[in-house]
Amino acid sequence: MSELLRVEGLNVTYRTRGGLLPAARGVSLTLRKGEILGLVGESGSGKSTVLTALMRMLPRSARVAAGRVDFDGTDLLSLGDAPMRRLRGRRIGLIPQRPMTSLSPVTTVRKQLALLSGGVIDDVRAQRLLTDVGLGGLYDRLGDYPFQFSGGQLQRMLMAVAVLAHEPDLVLADEPTTTLDVTVQAQILRLLLDLRNRLGNSVIFVSHDLAVLSQVCDRVGVMYGGQLVEAAETRDLFTNPQHPYTRALLDAMPSRRARGERLRAIPGTVSGSQRLPGCPFAPRCDVATDLCAAEAPPPRPVAGSTVRCHHAGATS
Ligand SMILES: Nc1ncnc2c1ncn2[C@@H]1O[C@H](COP(=O)(O)OP(=O)(O)O)[C@@H](O)[C@H]1O
Ligand code: SF4
Ligand SMILES: [Mg+2]
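Residues numbered from 1 in each chain as written. Chains lettered and ligands numbered in written order. Predicted model: local features only at pLDDT ≥ 70, side-chain atom pairs only at ≥ 80, totals over all residues. Heavy atoms only, no water.

A.B. asks: How should the domain arrangement of the protein be read in this particular structure?
C.D. replies: By a frequent convention, interface size equals the accessible area lost on bringing the separate parts together. You can read the domains of the protein as domain 1 (3-217) and domain 2 (239-316). Here the C-alpha centroids of domain 1 and domain 2 sit 28 Å apart. Contacts between domain 1 and domain 2 engage 15 residues on the former and 12 residues on the latter. Carbon and sulfur atoms supply 50% of the area that domain 1 and domain 2 bury against each other, a total of about 1100 Å² over both sides. (Domains from an automatic or database assignment. Contact = heavy atoms within 4.5 Å. Buried area = accessible area lost by both parts, 1.4 Å probe.)

As structure tokens, this is what we get:
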């Protein structure tokens, strides 16, 4: 598979009342055509910051301090605003986290689908797209308002816009199933896979839930304290995790514990870890040494993973 996206050393800093906050630190990743890459990590680890930087939709308080984002031969960070606007929606689609709040409550769904798709969804097209996402029966209700549909139905409609209206090469999905119940979540994941198989688009899928990512992703990247601390093929990450934080996330998954065995929550919090001089996970890591607190580990290959840990390989 050829490469669609290459992110190199992405740094994003927010200006906050408490000073500068480095929310993405030296994030490097590649995405091949047709590949689904998952990004996982606790809330605050920098996942949305990375996606928003790729879309060039960061707030004014943010500064992209370094890094290169090559999208099919174009450097997205130096691209002018007008060509970037043309790219958004057409070549890069975004599936939002909360379908209900991404739509205006006072405008009909028909009008919003047309607007969101840049005018390409007329009534004829709408019927086909709705059928493609399993909602053919809703065509007669397009004059209704968002609150008259369920969260799952709205998410499917937004997926139709993000994935099918222009068939973009890259789809960014930021926790698209987090607010939905488990059954609807499973249907949305199947739909995402089905669309990828049909269209061959690439997806970056963000979630704080490893179980969700394991169902759809070819590869998974683990974020902590603004850094990508481990990236590997999904199977390798689950069977042979290299980073202590990845292992802790896996230990916290209910499906991986024996019946009756207690879940192991990870003590401590991710908050403030971005400002530490050494490894951001050091305060919570049970194999940390003096070196960990003093020096940030660079990414290196260990047993099929790319991992930022001084002691990876020695402890597993
Ligand atoms: N607009 C913003 N202004 C200041 N800080 C922000 C802003 N957005 C996010 N942050 C901070 O950046 C860090 C990463 O946030 P985010 O990228 O939203 O993480 P995630 O998506 O993994 O939950 C967090 O500490 C968060 O508080
Ligand atoms: S570098 Fe040290 S503190 Fe960080 S994850 Fe590895 S062992 Fe733990
Ligand atoms: Mg987020």
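Having put the structure on the table, let's press on.
A.B. asks: Looking at this model, I keep getting lost on the packing of aromatic side chains. Mind explaining?
C.D. replies: Think of a pair of aromatic rings as described by two things: how far the centres are apart, and how the planes are tilted against each other in angle. In the structure shown here, the tally under the stated rule is 3 aromatic pairs. Plain terms: the ring middles of Y224 and F281 are 5.1 Å apart, the flat faces sit at 80° to each other, and that makes the pair edge-to-face. Of this pair, Y224 sits in strand β9 (residues 219-224) while F281 is found in the loop between α10 (244-251) and α11 (290-294), placing the two residues 57 residues apart along the sequence. No difference in accessibility class separates Y224 from F281, as the two residues are buried. Taken together through their ring pairs, the aromatic side chains of Y224, Y245 and F281 make up a single cluster. (Phe/Tyr/Trp six-rings, centres within 6.5 Å; stacked < 30°, edge-to-face > 60°. Helix = DSSP H or I, 4+ residues; strand = E, 2+ residues; numbered from the N terminus. Buried < 20%, exposed > 50% of the residue type's maximum accessible area, 1.4 Å probe, protein only.)

A.B. asks: Would you mind showing me how to read the UniProt feature "domain: ABC transporter" (unreviewed entry) in the protein here?
C.D. replies: Sites flagged by UniProt as "domain: ABC transporter" (unreviewed entry) map to residues 5-250. Helix makes up 38% of residues 5-250 and strand 29%. Its end C-alpha atoms lie 28 Å apart. (UniProt positions renumbered as here; feature names shortened; annotations may be inferred.)

A.B. asks: Looking at this model, I keep getting lost on the pattern of salt bridges. Mind explaining?
C.D. replies: A side chain of one charge can pair with a side chain of the opposite charge if their charged atoms are brought near each other. Inspection of the entire model under this criterion finds 17 salt bridges. Of the charged contacts in the structure, one is a salt bridge between E35 and R219, with a shortest N-O distance of 2.9 Å. A residue pair is termed long-range when its members are at least 10 positions apart, and E35 in the loop between β2 (19-32) and β3 (36-40) and R219 in strand β9 qualify at 184 residues. Like R219, E35 is buried. The shortest N-O distance in the salt bridge between D75 and R68 comes to 3.6 Å. (Salt bridge = Lys/Arg side-chain N within 4 Å of Asp/Glu carboxyl O.)

A.B. asks: Hey, could you run me through the sheet that holds strand β7 (residues 170-174) in this one?
C.D. replies: Sheet strands pair via backbone hydrogen bonds, and the direction of the pair is either parallel or antiparallel. The strand order β6-β7-β8-β3-β9-β10-β12-β11 describes an open sheet built from 8 strands, whose pairing is mixed. Across the chains shown, the open sheet's two edge strands, defined by having one partner strand only, are β6 (92-95) and β11 (300-302). Shown here is a sheet whose adjacent strand axes are inclined to one another by a mean of 20°, direction ignored. Strand direction decides the pairing type here: strand β10 (residues 227-233) and strand β12 (residues 305-307), joined by 2 bridges, are antiparallel. Pairing of E230 across the sheet is with V307, part of β12. (Pairing = 2+ DSSP bridges. Axes fitted to C-alpha atoms, helices over the stretch in contact; angles between N-to-C directions.)

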